[in-house]
Amino acid sequence: MRRVAVSLLLFGSLPVMVEEQLQVLGLFSGKAILLVDGERYTLSIGEATPEGISLISADSNEAVIRYHGQRRVLKPGTQISSDFPQPKRKLVDIHLDRNGIYRVDGIIHHFPLNFLVDTGATIIVMSSEQAKRLRIDYQRMGKTGFAETAAERVRVYLVKLDEVSVGTMVIENG
């Protein structure tokens with residue numbers, strides 16, 4: 001019997017605290033040229049930089065952008081640095097247990113869980129039995145793929161979760 005692992009993507013994951021430097025270089029009808037940390041981007045309405053700065057609207061007088069959920073109006077020549085709105089920092093203390101393993105209490109789909117934490121992980125991984133217990137229909141909702149474990153290659157299902165709570169932090173898919 002082959003094992004099946006369920007990998008759950010953690011959307012809206014923990015924000016990285018970075019202080020971007022943003023400068024408006026040019027404005028046009030429906031487009032804006034932005035300089036973000038020395039990288040130049042020409043954005044059309046609806047497009048976003050890799051840093052998550054999206055253009056809502058633009059004309060020759062101003063650009064309206066969205067970044068970290070905040071709407072900002074920028075004029076030609078506008079330069080923003082340290083006063084640019086940063087996301088609120090969310091922290092949860094996670095301590096080693098008596099066996100030297102990082103663990104933390106959390107909730108998925110209103111079910112309390114105790115997570116084993118891999119400090120380098122970017123996804124939540126659980127067995128198919130755990131997913132069924134949490135009422136996650138991974139075969140219907142998930143996108144199939146494969147992953148390499150230490151022992152074998154296994155089929156996985158990538159599933160987007162609506163909400164995960166870890167300690168006092170709630171992460172939504174946003």
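Each remark here, short or long, concerns the structure printed above.
The text that follows walks through the structure, step by step, so that each part is easy to find. As the structure is a computational prediction, the values presented were derived from the model and not from experiment.

## A short note on the overall build of the protein
Here comes step 1: Scanning the protein for helices and strands turns up two helices and 16 strands.
Here comes step 2: Put simply, the protein has 174 residues, and 31% of those count as buried.
Here comes step 3: A separation threshold of at least 6 residues defines the contact pool for the protein, and within that pool the share at least 24 residues apart is 44%.
Here comes step 4: Split by element, the accessible area of the protein, about 11,400 Å² in all, is 49% carbon and sulfur.

## Focus on the packing of aromatic side chains
Here comes step 1: For the coordinates displayed, the defined rule picks out one aromatic pair.
Here comes step 2: The ring of Phe146 carries the charged tip of Arg153 above its face, separated from the ring centre by 4.5 Å.

## A look at the side chain of Ser165
Here comes step 1: Looking at the secondary structure, you find Ser165 in strand β15 (residues 163-166).
Here comes step 2: Discounting chain neighbours no more than four positions away, the residues touching Ser165 are Asp105, Gly106, Ile107, Phe115 and Val170.

## A few points about unusual backbone geometry
Here comes step 1: Non-glycine residue His109 carries a positive phi angle of around 50°.
Here comes step 2: For His109, the location among the structural elements is in the loop between β10 (102-108) and β11 (111-116).
Here comes step 3: Classification of His109 by relative accessible area gives partly exposed; the value is 26%.
Here comes step 4: For Arg135, which is not glycine, the phi dihedral falls at a positive 60°.
Here comes step 5: Here Arg135 is to be found in the loop between α1 (128-133) and α2 (138-141).
Here comes step 6: Note on Arg135: relative accessible area 69%, which makes it exposed.

Cut-offs and rules
Positions within a chain are numbered from 1, following the residues in the order the chain's sequence is written. This being a predicted model, a pLDDT of at least 70 is required before a residue's local features are given, and a value of 80 or more before pairs of side-chain atoms are given or counted; all residues contribute to the totals for chains, interfaces and linings. The basis for every side-chain value is the complete set of non-hydrogen atoms in the structure, without hydrogens or water. The secondary structure listing takes helices from DSSP runs of H or I that are at least 4 residues long and strands from runs of E that are at least 2 residues long, numbered from the N terminus. Exposure is judged per residue with a 1.4 Å probe applied to protein chains only, and the accessible area is read against the type maximum: over 50% gives exposed, under 20% gives buried, and values in between give partly exposed. Contact criterion: two residues are considered in contact whenever any of their non-hydrogen atoms come within 4.5 Å of each other. In these tables, accessible area is a Shrake-Rupley quantity obtained with a 1.4 Å probe, and a residue counts as shielded only by the protein chains included in the view. The rule is short: rings of Phe, Tyr and Trp, with Trp giving its six-membered ring, pair when the centres are within 6.5 Å, and they are stacked under 30 degrees, edge-to-face over 60, tilted in between. Working rule: Lys NZ or Arg CZ, within 6 Å of ring centre, within 35 degrees of ring normal, means a charge sits over the ring.

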